[in-house]
Amino acid sequence: MAPIATSREEFDEIPTVVGIFSAFGLVFTVSLFAWICCQRKSSKSNKIPPYKFVHVLKGVDIYPENLSSKKKFGADDKNEVKNKLAVPKNSLHLDLEKRDLNGNFPKTNLKGGSPPDLENVTPKLLSEGEKEGVSPDSLKSSTSLSSEEKQEKLGTLFFSLEYNFEKKTFVVNIKEARGLPAMDEQSMTSDPYIKMTILPEKKHKVKTRVLRKTLDPAFDETFTFYGIPYTQIQELALHFTILSFDRFSRDDIIGEVLIPLAGIELSDGKILMNREIIKRNVRKSSGRGELLISLCYQSTTNTLTVVVLKARHLPKSDVSGLSDPYVKVNLYHAKKRISKKKTHVKKCTPNAVFNELFVFDIPCEGLEEISVEFLVLDSERGSRNEVIGRLVLEAAAEGTGGEHWKEICDYPRRQIAKWHMLCDG
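Calculation notes
Residues numbered from 1 in each chain as written. Predicted model: local features only at pLDDT ≥ 70, side-chain atom pairs only at ≥ 80, totals over all residues. Heavy atoms only, no water. Helix = DSSP H or I, 4+ residues; strand = E, 2+ residues; numbered from the N terminus. Buried < 20%, exposed > 50% of the residue type's maximum accessible area, 1.4 Å probe, protein only. Contact = heavy atoms within 4.5 Å. Areas by Shrake-Rupley, 256 points an atom, 1.4 Å probe, with all protein chains shown as cover. Pairing = 2+ DSSP bridges. Axes fitted to C-alpha atoms, helices over the stretch in contact; angles between N-to-C directions. Core = buried A, V, L, I, M, F, W, Y, C linked by side-chain atoms within 4.5 Å.

Colleague: So what's going on with the overall build of the chain? Residues and values would help.
Modeller: The number of helices and strands found in the chain is 7 helices and 17 strands. A buried classification covers 41% of the 425 residues belonging to the chain. Long-range pairs, those at least 24 residues apart, make up 67% of the contacts in the chain with a sequence separation of at least 6. With an accessible surface of roughly 24,300 Å², the chain has 55% of that area assigned to carbon and sulfur atoms.

Colleague: Requested: an account of the sheet that holds strand E16 (residues 386-394), with residues and values cited.
Modeller: Here 4 strands make up an open sheet; going across it, the order is E13-E12-E15-E16 and the pairing antiparallel. Edge positions in the sheet fall to strand E13 (336-342) and E16, since each of these pairs with one other strand and no more. Adjacent strand axes in the sheet meet at a mean angle of 20° when their direction is disregarded. Sheet topology places strand E12 (residues 325-333) next to strand E15 (residues 370-378); 9 bridges connect them, and they run antiparallel. Pairing of Lys328 across the sheet is with Leu375, part of E15. Sitting on the sheet, helix H7 (residues 400-410) is in contact with E15 and E16, with an inclination near 45° to E16.

Colleague: Just give me the short version of the sheet that holds strand E8 (residues 252-260), but keep the residues and values in it.
Modeller: Hydrogen bonds along the backbone pair up the strands of a sheet, which may run parallel or antiparallel. Judged by pairing direction, the sheet is antiparallel, and its 4 strands sit side by side in the order E5-E4-E7-E8 without closing on themselves. Edge positions in the sheet fall to strand E5 (205-207) and E8, since each has one partner strand and no second. Going across the sheet, the axis of each strand differs from the next one's by a mean of 20°, ignoring polarity.

Colleague: An account of the pairing of strand E11 (residues 303-312) is requested, with residue identities and associated values reported.
Modeller: Within E11, 8 of the 10 residues are buried, leaving the element largely enclosed by the surrounding structure. Where strand E10 (residues 290-298) lies against E11, 9 bridges are found, and the strand directions are antiparallel. When the bridges of E11 are listed, Leu292 appears paired with Lys310. Between E10 and E11, which pair antiparallel one after the other, the connecting turn spans 4 residues, and Asn302 there sits at a positive phi close to 55°. Pairing of E11 with strand E14 (residues 353-361), which is carried by 7 bridges, proceeds in the antiparallel orientation. Along E14, the bridge assignment pairs Val308 with Glu356.

Colleague: Describe the nonpolar core, naming the residues involved and giving the relevant values.
Modeller: Membership of the largest hydrophobic core comes to 33 residues, with the highest contact counts inside it found for Leu157, Leu161, Phe170, Phe225, Leu238, Phe240 and Leu261. Elements that contribute at least two residues to this core include exactly strand E2 (156-164), strand E3 (169-178), strand E4 (192-199), strand E6 (218-226), strand E7 (237-244), E8 and strand E9 (271-276). Excluding its chain neighbours within four sequence positions, the residues that come into contact with Leu238 are Leu161, Phe170, Val172, Thr197, Ile198, Val257, Leu258, Ile259 and Leu261. With 30 residues, the next largest nonpolar core counts Leu291, Val327, Ala352 and Trp405 among its residues.

Given below as structure tokens:
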């Protein structure tokens, strides 16, 4: 019986040994996991965030770009700033390793290059653009400034153009802008971003991200357009609009750059270009266009029927071509907006036909304290829409607006239509 007792003792000790080994294994596993987490955290804190933005736009085929290959423009040494005039043809001096979290260059690096140095770099890049086949007419039109524009410098835009014959894609890289004016008077800085449109169809509209509090934003964003044949490139033009983001109101327009692609030869590879930012062309108030509106006041049901019929002679929103208009209708009672409606967007036309009807309930008897506001806007995908023209119909309105309002009050239950001139938005 003695051997049996011994075997039982050994059998009882097995769970204890297993438990001890399990405890040691658990402690080792937790320690290893904590060490790996610390290593990853320290490595992530030392990494520079990838500011290589690549946008793949819709088209015939999608070829994903390789984000792992980081292209660095320029050298890491501060001493190489002095050698800016010896830049190779297909390189641009952007020290990406020294940018802050917003993708901007520190002030210490900006002071390294004196204004004369920057002035020397600009003519060199322009001369390279001439060598690549830029037509003299387009170069003259984009770089020539009037005396007033020379006094008010709006900065310089740097970008590159490339056509990939293998993938049949047109590639635009918006690199940076320098010397932008301060649009915020309090902080004396701007929150710039860039919208780009391919003309004349305006089918491709893209924009960069917003960079906070900088006058020298480094975007380095690549836009790839698919389905554009190389034979069609010469018929297109690029329109850049440089804006400053405003959280509480409409974004401020800094300026624009128009680049006709006629005469630019992309068969030799990537072309680096820069252009002076010019003041945006402002529409004259006399050319806002007209709007045909039909109104009917139902005194029995106390409703107002508004029909937005047509718009004609609408101006170009800017140099980018025709507008994509739509109409917003706002109903006011005692100067307070109580209802709003809007029509559908009509693409690329100065003479839009809407034929859309809206019925508004009037909260009071009569139309003495009621007014209707019409805003004709240009639809811009991915950004705030620009007001083309404005019209207000009320009892106190002058001209055709006041006459139209008086007629619907004198003749209720009758649909009355009139053309009205649009004024500044």
